[in-house]
Amino acid sequence: MKFSVVISTYNRLNLLQRAIDSARNQTIQCEVVVADDCSSDDTQTYIKSLGDKVVYHRNEVNQGHAATVNAGVAKASGDWIKFLDDDDYLAPNCIEEMIKAIALRPDAVICSCVAAQVDEHEVELSRTPQVGPGLAFYIPQADIHYGMLLELVPFGTPVQVASRRDAFLKSGGWDSTLDANCDDIDSWIRIAQFGDAIFLNQCLAYRTVWTGAYNQKFSLSRRLATNILMKEKIYALVSDQHRSKIPVFQDIKNYLKLHWILVALKQKNIKSFLSMIDASVLSPQSWKFLLTAASSRRQGNNSLVRKLVLIEP
């Protein structure tokens, strides 16, 4: 099994160097691919100085985040792709632990791990929640979209996720119309149609939370609209065996509105708060959904984890 770490970048050489080092210093050797969205800084010069240690692709013109990821995957030769944005980095044993888990579940097409959220000085702020008991387990394909709909199956951001390259290609790659506004989540939704999902309850990745992050340029109302679109796509893919258990879509939509209204309130973003507030905040089902999702994230387990492969140290 061969892994390729695909690092997408644009004008962030100081951060890119850290991401490349984290990929090159893995305990198991892997291919490192840098996909450059036509940076105007010294990225190209630096990458060329690394010689054949890195596979390099450079867009002729700026094409955006999603197209750059797709170009990087096209250059990769691995069976599995580990996604990595230039402002994030990997733990040294990330690829090794993922390979161990995938070897025990060959039907898997997507793998996710716990990530630490760090500030610009690499100080840990928080961690993403664990999912289920044990170090690692899988969720059968038929259960994945149901779990995603009810927010019991959080794949997370690119730094947490790897996917089988053939499933990525069959899914059509990342959607440039979204471009850094849930283009990753949209991809996980489609990849998950082709096999099982693996979750590692180990912190193997580091996501930088800072003002320069790509998704910071989108308004809360736009992020709400995209979240609703993602839920619509997931809703359509829920397997027949779970159809009778899912709420009507309007309740899910109201929950999302409530969630982002509360985010705006927490951020003291009065403009966004006023633009989004409506009757959804009065819906008992919205609050029930919100509390259920929050409880599931805190507990770190759910009923979907009934078929698991426990991986001991």
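This text goes with the structure placed above it.
All values reported here derive from a predicted model rather than from experimental measurement. (Residues numbered from 1 in each chain as written. Predicted model: local features only at pLDDT ≥ 70, side-chain atom pairs only at ≥ 80, totals over all residues. Heavy atoms only, no water.)

Draft legend 1. Molecular detail of the state of the cysteines. According to the stated counting rule, one finds zero disulfides in the structure shown. Not part of a disulfide, Cys-203 finds its nearest cysteine sulfur in Cys-113, a span of 7.2 Å. Overall, Cys-203 belongs to the buried group, its relative accessible area being 17%. (Disulfide = S-S within 2.5 Å. Buried < 20%, exposed > 50% of the residue type's maximum accessible area, 1.4 Å probe, protein only.)

Draft legend 2. Geometry of the packing of helix 7 (residues 183–191) against helix 8 (residues 220–237). With their axes 10 Å apart at the nearest point, helix 7 and helix 8 run at an angle of 5° to one another. Here helix 7 lies roughly parallel to helix 8, going by the angle between them. The segment helix 7 lies against helix 8, with Ile-185, Asp-186 and Ile-189 engaging Met-230, Lys-233, Ile-234 and Leu-237. Classifying every residue of the contact of helix 7 with helix 8 by side-chain character gives five nonpolar, no polar and two charged. (Axes fitted to C-alpha atoms, helices over the stretch in contact; angles between N-to-C directions. Helix = DSSP H or I, 4+ residues; strand = E, 2+ residues; numbered from the N terminus. Parallel < 35°, antiparallel > 145°, perpendicular 65-115°, else oblique. Contact = heavy atoms within 4.5 Å. Nonpolar A, V, L, I, M, F, W, Y, C, P; charged D, E, K, R; others polar.)

Draft legend 3. The arrangement of helix 8 in detail. With 18 residues, helix 8 ought to run about 26 Å at 1.5 Å a step, and its terminal C-alpha atoms sit 26 Å apart, in line with that. Looking only at helix 8, the buried set comprises Leu-220, Arg-223, Leu-224, Thr-226, Asn-227, Ile-228, Met-230, Lys-231 and Ile-234. If you follow the buried residues of helix 8, they end up packed against helix 5 (141–149), helix 7, helix 9 (249–266) and helix 10 (270–276). (Expected span 1.5 Å × (residues − 1).)

Draft legend 4. Representation of helix 9. Relative to the 26 Å expected for 18 residues at 1.5 Å per residue, helix 9 spans 26 Å between its end C-alpha atoms, a close match to the ideal helical length. Looking only at helix 9, the buried set comprises Phe-249, Asp-251, Ile-252, Asn-254, Tyr-255, Leu-256, Lys-257, Leu-258, Trp-260, Ile-261, Val-263 and Ala-264. Backbone geometry just after helix 9 places Lys-268 at a positive phi near 60°.

Draft legend 5. View of the packing of helix 8 against helix 9. Helix 9 packs onto helix 8 with a crossing angle of 155° between their chain directions and a minimal axis gap of 10 Å. As far as their axial angle goes, helix 9 and helix 8 are roughly antiparallel. Note that helix 8 runs across helix 9; the crossing there is right-handed. Here Leu-220, Arg-223, Leu-224, Asn-227, Ile-228, Lys-231, Glu-232 and Tyr-235 of helix 8 lie close against helix 9, whose contacting residues are Phe-249, Ile-252, Lys-253, Leu-256, Lys-257, Trp-260, Val-263 and Ala-264. Broken down by class, the residue content of the contact of helix 8 with helix 9 amounts to ten nonpolar, one polar and five charged. (Left-handed = near helix turned anticlockwise from the far one by under 90°.)

Draft legend 6. Spatial organisation of the side chain of Asp-88. For Asp-88, the position within the fold is in the loop between strand 4 (80–85) and strand 5 (89–90). With no salt bridge to any partner, buried Asp-88 finds its closest opposite charge in Arg-207, at an N-O distance of 5.3 Å. Discounting residues that sit within four places of it in the chain, Asp-88 has contacts with Arg-18, Ala-19, Val-159, Tyr-206, Arg-207 and Thr-208. (Lys, Arg positive; Asp, Glu negative; His and termini not counted. Salt bridge = Lys/Arg side-chain N within 4 Å of Asp/Glu carboxyl O.)

Draft legend 7. Representation of the pattern of salt bridges in the model. One pass over the full model with this rule turns up 14 salt bridges. For Asp-278, the salt bridge is made with Lys-257, and the minimal N-O distance between the two is 3.2 Å. Placement of Asp-278 in the loop between helix 10 and helix 11 (284–299) and of Lys-257 in helix 9 is noted, with a sequence separation of 21 residues between them. Judged by relative accessible area, Asp-278 falls into the partly exposed class, the value being 29%. According to the relative accessible area criterion, Lys-257 is buried, its value standing at 18%. Salt bridges linked by common partners bring Arg-12, Asp-86 and Asp-87 together as one network.

Draft legend 8. Molecular detail of a nonpolar patch on the surface. Taken together, the side chains of Ile-270, Leu-274 and Ile-277 make up a nonpolar region of the molecular surface, amounting to roughly 290 Å² of accessible area. As for its position among the elements, Ile-270 is in helix 10. (Patch = residues over 30% accessible without salt bridge, like charges linked within 9 Å, V, L, I, M, F, W, Y side chains within 5 Å. Areas by Shrake-Rupley, 256 points an atom, 1.4 Å probe, with all protein chains shown as cover.)

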